[in-house]
Each structure stands twice: as structure tokens, then as C-alpha cells.
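The lines below spell out each chain.
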Amino acid sequence: MKIAVAHDTAAPLTRRRVVGLLAALALLAALVLASIAVGSRAVPLTAVVDALIHDTGEGDSYVVWSLRVPRTAVLLAVGIALGVAGMLIQALTRNPLADPGILGVNAGAALFVALGIAVFGLTSPGQYLWFSFAGALLVTVVVYVIGSAGRGGVDPIQLTLAGVTLGAILYAVVSAMMLLDPRAFEQMRNWNAGSVVSRGWEVLLPVLPFLAAGILLAMAVAGPLNAIALGDDLAKSLGANIGRTRVIVVVAVTLLAGGATAIAGPIGFVGLMVPHVARWIVGPDQRWILGATLLLAPALLLAADVVGRTVIRPGELPVGIVMAFVGAPILIVLVRRRKAAGL
Amino acid sequence: MTAEPTTAESAAEGSAAKGSAAKGSAAKGSTAARSTTVEFGHRAWVVRRSRLALRWQARTVIVCVALAVLTLAATTAALALGDYPLTLPEVWAALTGDPGAGFSSIVVLEWRLPRAVAAAVFGAGLGAAGAVFQSLTRNALASPDIIGISTGSYSGALIVIVLVQGTYLQLTAGALAGGAATAAIIYLLAWRGGVQGFRLIIVGIAVSAMLTSFNTWLMLTAKLEVALAASAWGAGSLGRIGWQEMLVGGGTVLVLLVVLAAFGRPMRQLELGDDAAHATGTRAEPVRLAVIAIAVALTAVVSSAAGPIAFIALAAPQIARRLCRTPGISVVPAALTGAVLLAGAELAALHLLPVALPVGVVTVVLGGGYLLWLIVHEVRRR
């Protein structure tokens, strides 16, 4: 009887997954076009297509190729990185409240950027890049060492607590530095908002290899993560290498979240929210969640940036600030409408 | 009063009528334990007086007493230390209203006492609120901070600071209104024929994310000096606590803590899951609603008086659990740990550091460092 029921639900689930992914793909494509078209100088859609095909180097074509396309590429990369990092960390810790910042990535980046501003007198986002990335990597290593101390390798609960705690301490140090140094405070409050203004190819390209490596690692561990979701003992008996999977996940999250934060500053919420939405659409299989996240996360970020560029034209709001106002209502509607699934 | 070491098994049979029978089975249980070395749980003390039966875990009681003594010591030190240092007899004379105390009476009663007592009481309130959320959700990341109550208080205060440039009293009112409004909004949005835990938290995270963005935006638009002042308040500070704030805020926190203590037993049943809680005679929904309301009120009151002091709600229950070596989260040790953390951090912020920093910053560094040490230490012991 139960087997029959399972057969009945299998076909609709597959259809639901395919339809869901196609809809997400269409949404993403529409938002990419919108992101290229919308701005302080509006470019009509026909002109967008025209400019994309013939690069004349002046007028609309110049705006599209020198400003909009790089910015859209940055948003795509950052969105994918943050979304996938969030999906990985929630699967690893089996905690629906986990977000990419939980391993101390954002706090480490913030600390090093603050040090760079206060001690080395940095002034522009391009200069923050490597400080931010180095801080993110270094702090994650420390969190990992504390979180995996003792026998038996990485313990998810220990890792989570270590990351949150070290993150809180570093943020306290940063806020102390900022309160004592008004100039650093002024620059940090801008960095803190999370923005892609004046981030172009020169910021994206150096980080891109790290992001690509992170995505490849994520694809490699999506299958084993399904086994880990069943609990350590069952995963072991199914032949999953738990220790190796966890190490790979931590490396991938660090590369993805660290890279994204280096590019755009701390952008919260997308890594927390998108995996939930993806899970509600495609079910609990991590490989499908990864696919849906790859499409939904950049879509959310693009939508937020387009809104941020339109609401107070000709000025604009940082994408990190708009994000919550675009994403949170969707999340609330979804969690109210459906019987929300845990992990 | 008969206080005797016994096992967890025998304490499960609570009624006084079965007292002697329970003792008998406990004796049998312990002989079995000797022969097969089965561990029945932690050492516990059981007190039975006619209809009343109480059971304490020995380690928890000792830890709680030690924490209470530490809190008292930190508070006393806060009364004695400062630019006008006092000896302990002088502090005592001032406290007891000795007419010979003179100027020290003003220093102790008017300047130092409200702040010192507020540190301990507010810390206890935050620790207890965190324990409630972590116990209900069985999630170490859950705390009132995460579902946006303190963020809402901060929003209310920021509106007063940045847009209205109001007085301290208006700031407190704004923070209180912000916290209460946030709680109401989250509750309404999460309500759908009852409030289910997971939905409440997801809605809380969503609302909290919007408020955080709103706060960041307010900070970006504000002038630098205003934003700096707002940021200092946002880190959490006891600097402006006087008698009035202490009596209103501290009194409310104490009342809420007493009410919360009455829910200790049903909360432990809820940790077993709703079905098991029902089976042991606990009505799950009303209890959950009541303790969430208390925890939210605790956070809102403390945030409105002292700013959104982060991290105590998250760290105190975890530190307490490791100190007591209990499997779950319990409210009383968490509250006492919170009290020690905030009172100790206040002392350190005022007297140890060369520069003036908000107490919230110091709390995070001290409490966080200690929690990290505990995490590593716990692993070594395993």
C-alpha cells in the first residue's frame, strides 16, 4: 500500500521539479535583461538586445558594455556563491538557521577590512578585496581548528558554536575599533551595507577562479550530503565518507562566501533564505536543491539590485539593504502558504 | 530534611506515598549498578516532605551557588571600586543607611548601586530569555536576537536618535515600542490557527532581516556624530541607568523571572516533543505561548533600558549547560550565568580597560572567549 502511494507521488514530484527549475530559469533570464536595461539611464529592451549583439562603443552600447554587463556579471557571481554556500552550510550542520557567515567568514572579512582602513589607510573597494578575502580564509581556518579539535574530526554542533562565537568576538573588536576611530567608522558603515556599486571586471575576475572551484566542490559533495542528512551512523553504513565530505564542504563554503564578501561586502539573508525556498520547490534531494539554488539566488540578488536602482532614481540603494525587503516578504508568504519543511 | 544521594531512576517516582518503595527500588538499582557498572545519571539530591518532592542534581546546585556568589562579588566590587574608592565596611555602612556614612552614601546609593544591580538583573533576564528559546526550539542558534526582538528595539531607538533627536526617556520609550511592535508583527504573521515553532522562527528571521537593513540604511543617512552615538547605544551600555530606569526595568525583569521559574517543569516536558509532553500531562500550546511571551518581554525590557546587548542570550545557556554538564538547557543556571557575564563585563569595562567602551562589546569578548575555551576543553575531556 505504501509503495503504491510512493509511486503515485513520484511522477508529480519530477514534474514539479522540472517545471520549478524552468520557471526559475525564465525568471533569471528576465531579470538579467532587466538588470541590463534599468538604471539612471534607461535603455529600451530592443536597444539592449541590439547593443549586446553589436558593440559600437558609444551611446547605449557603451552604457551596456562598460557599466551594466559587468555589474550584472558581478551580481550573478555573488548571488550564486552566497546561495550555494548557504545550501552547503545548512546541509552540513543540519541546521535550518545556518547561513554562510556562520563559519566566521563575514566577521573575518570585516576585521581585516577594518584593520586595512585603520592601520594601512585603505580607501577604495578594490583595495579591500584581498584584505577581505584573506580575513575570511584565515578566520575560517581558526574556526575549523577549534570546531574539529578532539577525536572524531569535525563535529557540526561544535563547528557551528565555534564559528558563531568567534564571529561575535571579532565583530565586537571591529565595533570597538570603529567607535574609537570615527574615520574608520565612516568607511566601514558603507562597506557594511553590502554594495556592487563601482565593482566591475577588475574586482570580479581575480576572485572568479576561487568561486568556480567552490562551485565544482559543491557539485561533488551534493550526493554524499544526501547520505549525511540521514544521520552520521546511517551515512557511514551507506558508504559515505563523512570526514572527507565535511572538509570539502567547509573549503567550498569558505571559497564561495569569502569570495562573495570580498567582492561586495557582507550581504546577508540570501544564503539563508534561498535554500529554504529551493527545498520547498524541489524537495529534500541536495542535488536538486543545488540546481534550484544556482538559479534562484542570483535571481533574488538581481531583483534586489534592480529595485535598488529604481526606487530613489537617480540615486540608488545598496543591494545588501534592498535584499531583505525583496526577499523577506516572499519568505513570509511561502512559509505561511505551505506546510514548511524542516531539513 | 532528608538529603541523600540517589540515582535518576528513583527520582522519577515522585510521589511521597511511594517514598519508601522508591527508596527500596533505588537500593536495588544501585546494587545492579555496582555489579554491571551501568550509569544511571548524575548524582542528585532528593528532598521529600509529605506531598512535596524535589530533586536537584548535585553539580547543578553547586554551580548555581557558585555563580550566585560570583555575581554578588562582582556587584560588591562594582560598589567599592571607582574614582572614589571605598572599603567594604564603608560600602556596608552606606548600604545600611548608617548616618555616619556621609559622602560615601551618595556615591554608593545614588551613583553606583543602580548600575551594578541593573548589570546583574539584566544579565539574568537575557540569559533566561536565551534559555527559553534554545529549549523550545532545541536549537543552539536560536535566541531572541535571531528572531528580531532586539533588532526591533534598536530600530525604535534609532528612529528616535536619528530622525527625532529625542531625549533619553523618548529613546527608552521608542526602544520599548519597537521591541513590542516587532514581537506583535512576528506573532501575527506567524499565526495560522496556532503558532508553530519553525514558522515563528522563519518569520522572525525574515522580519529581523528587514529591520537590520532598515537600521543599516538609517545609519548610512545619518550624520557621522549621530551615527556614532547611535552605534554606541547599539553596542549596549549601562551608562545611563539611574534609579528610575533600574526600578522600572529591573523590577519588571525580576517579576518575569519569577513567573518563568514556575514554567521550568513543563518546559522540560516540552523538550521531549509535543506528544510526549501531552502524555505526561503538559498542555503544550499554552505553555509555549506563555514562555515565549515572557522571553520576548524580558528581551524588550532589557534592550529598551540598556540597548541591544548581543550574545548573552546565545552564550549564557551554552556556558551554563557545559558548567552543569546537563544534557539539556535549563533556565536557572542560564540566568545566573548571564548575571555573572554582564556584571563581570561591566566591572571590566569600567575599571580594567584604558579606554571607555560600551559594556556590550566587553561582554561579547569575555563571554565569547570563555565559551570558546569551554568548547575546546569539553572536547579534550571526552
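Residues numbered from 1 in each chain as written. Chains lettered and ligands numbered in written order. Predicted model: local features only at pLDDT ≥ 70, side-chain atom pairs only at ≥ 80, totals over all residues. Heavy atoms only, no water.

Participant: For this particular structure, what's the right way to read the overall build of chain B?
Facilitator: Looking only at helices and strands, chain B has 16 helices and 3 strands in total. Per-residue burial for chain B yields a buried fraction of 52% across its 382 residues. The long-range fraction of contacts in chain B, counting pairs at least 24 apart against all pairs at least 6 apart in sequence, stands at 72%. Here chain B displays about 17400 Å² of accessible surface, and carbon together with sulfur accounts for 66% of that area. (Helix = DSSP H or I, 4+ residues; strand = E, 2+ residues; numbered from the N terminus. Buried < 20%, exposed > 50% of the residue type's maximum accessible area, 1.4 Å probe, protein only. Contact = heavy atoms within 4.5 Å. Areas by Shrake-Rupley, 256 points an atom, 1.4 Å probe, with all protein chains shown as cover.)

Participant: Hey, could you run me through the side chain of A:Thr293 in this one?
Facilitator: When you line up the elements, A:Thr293 lands in helix α12 (residues 286-311). Contacts of A:Thr293, omitting those with residues within four sequence positions, involve A:Gly83, A:Val84, A:Met87, A:Val274, A:Pro275, A:Ala278 and A:Pro298.

Participant: What am I meant to see in the interface of chain A and chain B here?
Facilitator: A common way to report how large an interface is uses the accessible area buried once the components associate. Facing the 51 residues of chain A at the interface are 51 residues of chain B. Counting each side, the surface lost to burial between chain A and chain B is near 4200 Å², with a carbon and sulfur contribution of 80%. For the pair chain A and chain B, the interface holds 0 salt bridges. Summed over the shared surface of chain A and chain B, the result is 2 residue pairs in polar contact (both at pLDDT 80 or more). Secondary structure elements with two or more residues in the side of chain A that touches chain B: α6 (156-180), α7 (182-193), α11 (270-282) and α13 (319-337) of chain A. Element by element, the count of residues in the side of chain A that touches chain B is highest for α6(A), at 15 residues. (Buried area = accessible area lost by both parts, 1.4 Å probe. Salt bridge = Lys/Arg side-chain N within 4 Å of Asp/Glu carboxyl O. Polar contact = N/O pair within 3.5 Å; in protein donor to acceptor, adjacent residues only side chain to side chain.)

Participant: Can you help me understand the packing of aromatic side chains in this one?
Facilitator: Geometrically, a pair of aromatic rings is defined through the distance of the ring centres and the angle of the planes. Across all of its chains, the model carries 7 aromatic pairs over all chains by this definition. When the ring of A:Phe120 is compared with that of A:Phe131, the centres are 5.6 Å apart and the planes differ by 50 degrees; the resulting orientation is tilted. Remark: A:Phe131 occurs in helix α5 (residues 125-147) and A:Phe120 occurs in helix α4 (residues 105-120); sequence separation between them is 11 residues. Judged by its relative accessible area of 24%, A:Phe131 falls in the partly exposed class. A centroid spacing of 6.1 Å and a plane angle of 25 degrees characterise the contact between B:Tyr154 and B:Trp233, whose relative ring orientation is stacked. Taken as a pair, B:Tyr154 in helix α6 (residues 149-164) and B:Trp233 in helix α9 (residues 224-235) lie far apart in primary sequence, 79 residues in all. (Phe/Tyr/Trp six-rings, centres within 6.5 Å; stacked < 30°, edge-to-face > 60°.)

Participant: Sorry if this is basic, but what is going on with a nonpolar patch on the surface here?
Facilitator: Residues A:Leu33, A:Leu45, A:Val49, A:Leu52, A:Ile53 and A:Trp65 make up a contiguous nonpolar surface patch of roughly 510 Å² in combined accessible area. With respect to the helices and strands, A:Ile53 occurs in helix α2 (residues 45-53). (Patch = residues over 30% accessible without salt bridge, like charges linked within 9 Å, V, L, I, M, F, W, Y side chains within 5 Å.)

Participant: I tried to follow helix α7 (residues 168-190) of chain B on my own but got confused; where do I start?
Facilitator: Since there are 3.6 residues in each turn of an α-helix, residues three or four apart along the chain are aligned in direction. Its 23 residues give α7(B) an end-to-end C-alpha distance of 33 Å, which sits within 8% of 33 Å, the value for a rise of 1.5 Å per residue. Along α7(B), the residues classified as buried are B:Tyr168, B:Leu171, B:Thr172, B:Gly174, B:Ala175, B:Gly178, B:Gly179, B:Thr182, B:Ala183, B:Ile186 and B:Ala190. (Expected span 1.5 Å × (residues − 1).)

Participant: Please clarify how the state of the cysteines should be interpreted in this entry.
Facilitator: One covalent bond between the sulfur atoms of two cysteine residues makes up a disulfide. Inspection of the entire model under this criterion finds 0 disulfides over all chains. The thiol of B:Cys64 is unpaired, and the distance to the nearest cysteine sulfur, on B:Cys324, comes to 5.3 Å. (Disulfide = S-S within 2.5 Å.)

Participant: Whenever I open this one, the pattern of salt bridges confuses me. Can you help?
Facilitator: All names here are of chain A. Tallied over the entire structure, the rule returns 7 salt bridges over all chains. For Arg94, the salt bridge is made with Asp232, and the minimal N-O distance between the two is 2.6 Å. Pair noted here: Arg94 is in the loop between α3 (60-93) and α4 and Asp232 is in helix α9 (residues 232-237), with a separation of 138 residues, a long-range link. For Arg94, a relative accessible area of 35% puts it in the partly exposed group. Ionic contacts of the salt-bridge type, sharing partners, join the residues Arg71, Asp305, Arg309 and Glu316 into one network.

Participant: Please clarify how helix α8 (residues 201-228) of chain A should be interpreted in this entry.
Facilitator: Residues and elements named next belong to chain A. The end-to-end C-alpha distance of α8, which contains 28 residues, comes to 38 Å, matching closely the 40 Å that a straight helix rising 1.5 Å per residue would cover. At Leu208, α8 shows its strongest bend, of approximately 45 degrees, with the proline Pro209 following within four residues. Every buried residue of α8 is accounted for by Val203, Leu204, Val207, Leu211, Gly214, Ile215, Ala218, Val221, Ala222, Leu225, Ala227 and Ile228. (Bend = angle between axes of the 7 residues up to and from the residue.)

Participant: Would you take a moment to explain the nonpolar core for this structure?
Facilitator: Looking at soluble globular proteins, one finds that nonpolar side chains tend to be buried together. Grouped together as the largest cluster of nonpolar side chains are 209 residues, with contacts concentrated most on A:Leu88 and B:Phe122. Broken down by element, the residue count for this core peaks at 14 residues, all from α3(A). In contact with A:Leu88, other than residues within four places in its own chain, are A:Ala218, A:Val221, A:Leu225, A:Val249, A:Ala252, A:Val253 and A:Leu256. Membership of the second largest hydrophobic core comes to 11 residues, among which are B:Leu79, B:Ala80, B:Ala94 and B:Val107. (Core = buried A, V, L, I, M, F, W, Y, C linked by side-chain atoms within 4.5 Å.)

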